[in-house]
Amino acid sequence: GRSRLLVGNYLLEERTRRDELGDRFVAWHQPLHRRVCLQILPEKVTRQSPEFAAVTKSVGQLTALDHPRVEQTYDLGEDGGRLFVVAEKSEGQLLESPAKLGFTQGEVAGLLQGVCSGLAYLQGCSVGHGNLAGAALLLGKDGLGKIIELCESTLRRAVGLEQAGGIDELLALDQIGR
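Residues numbered from 1 in each chain as written. Predicted model: local features only at pLDDT ≥ 70, side-chain atom pairs only at ≥ 80, totals over all residues. Heavy atoms only, no water.

Caption draft 1: Layout of the overall build of the protein chain. Within the protein chain one finds 5 helices and 9 strands. Secondary structure elements in the protein chain, listed N-terminal to C-terminal, are β-β-β-β-α-β-β-β-α-α-β-β-α-α. The buried share of the protein chain, taken over its 178 residues, is 42%. Only carbon and sulfur atoms are counted for the fraction: they give 51% of the accessible area of the protein chain, which is about 9,700 Å². (Helix = DSSP H or I, 4+ residues; strand = E, 2+ residues; numbered from the N terminus. Buried < 20%, exposed > 50% of the residue type's maximum accessible area, 1.4 Å probe, protein only. Areas by Shrake-Rupley, 256 points an atom, 1.4 Å probe, with all protein chains shown as cover.)

Take a look at the structure:
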């Protein structure tokens, strides 16, 4: 049979990405019986590294967010000296290529309604989304849009892989209409 790996209480099921931010997996949280995304951070990010304080602060801020149109971040953990972050595993269609997906007008309206609701919530919490692109938007099974990858873009800034920018600079919401 296949060898299965455990990270903390999480059974790793499938690697979905490997890049400079580390390895990302779909995982199964055994005690709570739920599927999640688990991001194992790069080896350079440890409790002793300069990035640790920024990662801890960022994940703490993300776990405080609670909105149905924003992907939830659950936890920051450590296993064998490696740090990992756990987030919601959202289901639906990515907006990377809406023409190829053949979204209807109703689906586009639902997507925009959900994303605008999520952005308004994030603005109210003083949280920016650093790289709002099609790969960060999902048309959920409920027919509404959802902002995903918030945790990834925040972690990229915390470990120095990405500068603040994107939606933070382009959509200074308090400046719109002035």
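What follows picks up the thread again.
Caption draft 2: Molecular detail of the packing of aromatic side chains. The tally for this structure, following the rule as stated, stands at 1 aromatic pair. Consider the rings of Y10 and F84, whose centres lie 6.0 Å apart with planes at 75°: the pair is edge-to-face. A residue pair is termed long-range when its members are at least 10 positions apart, and Y10 in strand β2 (residues 10-19) and F84 in strand β6 (residues 82-88) qualify at 74 residues. You'll find Y10 and F84 in the same group, each marked buried. (Phe/Tyr/Trp six-rings, centres within 6.5 Å; stacked < 30°, edge-to-face > 60°.)

Caption draft 3: Representation of empty space enclosed by the protein. Summed over all chains, the structure comprises 1 cavity of 30 Å³ or more. Estimated volume of the largest cavity: approximately 70 Å³. In this structure, the largest cavity is lined by L21, R24, C37, L38, Q39, V85, A87, C151, E152 and L155. Those elements giving two or more residues to the lining of the largest cavity turn out to be β4 (34-40), β6 and α4 (150-158). Counted by class, the lining of the largest cavity contains 7 nonpolar, 1 polar and 2 charged residues. (1 Å grid on protein atoms, 1.4 Å probe; cavity = no way out; pocket = protein on both sides within 12 Å on 5 of 7 lines; lining within 4 Å. Points joined across faces, edges and corners; volume = space filled by probe spheres on them. Nonpolar A, V, L, I, M, F, W, Y, C, P; charged D, E, K, R; others polar.)

Caption draft 4: Up close: the pairing of β2. By the bridge criterion, 3 bridges tie strand β1 (residues 5-7) to β2 in an arrangement that is antiparallel. The residue bridging L6 from the neighbouring strand is L11, located in β2. Linking β1 to β2, which pair antiparallel, is a turn of 2 residues; within it G8 sits at a positive phi near 60°. One ladder, built from 8 bridges, connects β2 with strand β3 (residues 22-29); its direction is antiparallel. Bridge pairing links L12 to A27 in β3. In sequence, β2 turns back onto β3 through a hairpin of 2 residues. (Pairing = 2+ DSSP bridges.)

Caption draft 5: Focus on the environment of V26. Here V26 lies in strand β3. Owing to a relative accessible area of 8%, V26 belongs among the buried residues under this scheme. With 10 residues separating them along the chain, V26 and V36 place their C-alpha atoms 5.9 Å apart. Ignoring anything within four residues of it in the chain, the contact list for V26 reads L11, L12, E13, E14, T16, R35, V36 and K89. (Contact = heavy atoms within 4.5 Å.)

Caption draft 6: Just the sheet that holds strand β9 (residues 145-147), in detail. Spatial ordering of the open sheet is given by β7-β8-β9, a layout of 3 strands whose pairing is antiparallel. Strands at the two margins of the open sheet, each flanked by one partner only, are β7 (92-94) and β9. In this sheet, neighbouring strand axes are inclined to one another by 35° on average, regardless of whether the strands run parallel or antiparallel. (Axes fitted to C-alpha atoms, helices over the stretch in contact; angles between N-to-C directions.)

Caption draft 7: A look at helix α3 (residues 105-124). A rise of 1.5 Å per residue sets the reference length of α3, with its 20 residues, at 28 Å; its end C-alpha atoms lie 28 Å apart and thus fit the reference within 8%. Among the residues making up α3, those that are buried are G110, L111, G114, V115, G118, L119 and L122. With its buried residues spanning 160° around the axis, α3 presents them on a single face. For α3, the exposed residues set more than 90 degrees away from the buried face come down to Q105, G106, Q113 and G124. Residues of α3 that are buried sit in contact with β8 (137-140), β9 and α4. Of the residues flanking the end of α3, it is S126, one or two places downstream, whose phi is positive at about 60°. (Expected span 1.5 Å × (residues − 1). Arc of directions from axis to C-beta.)

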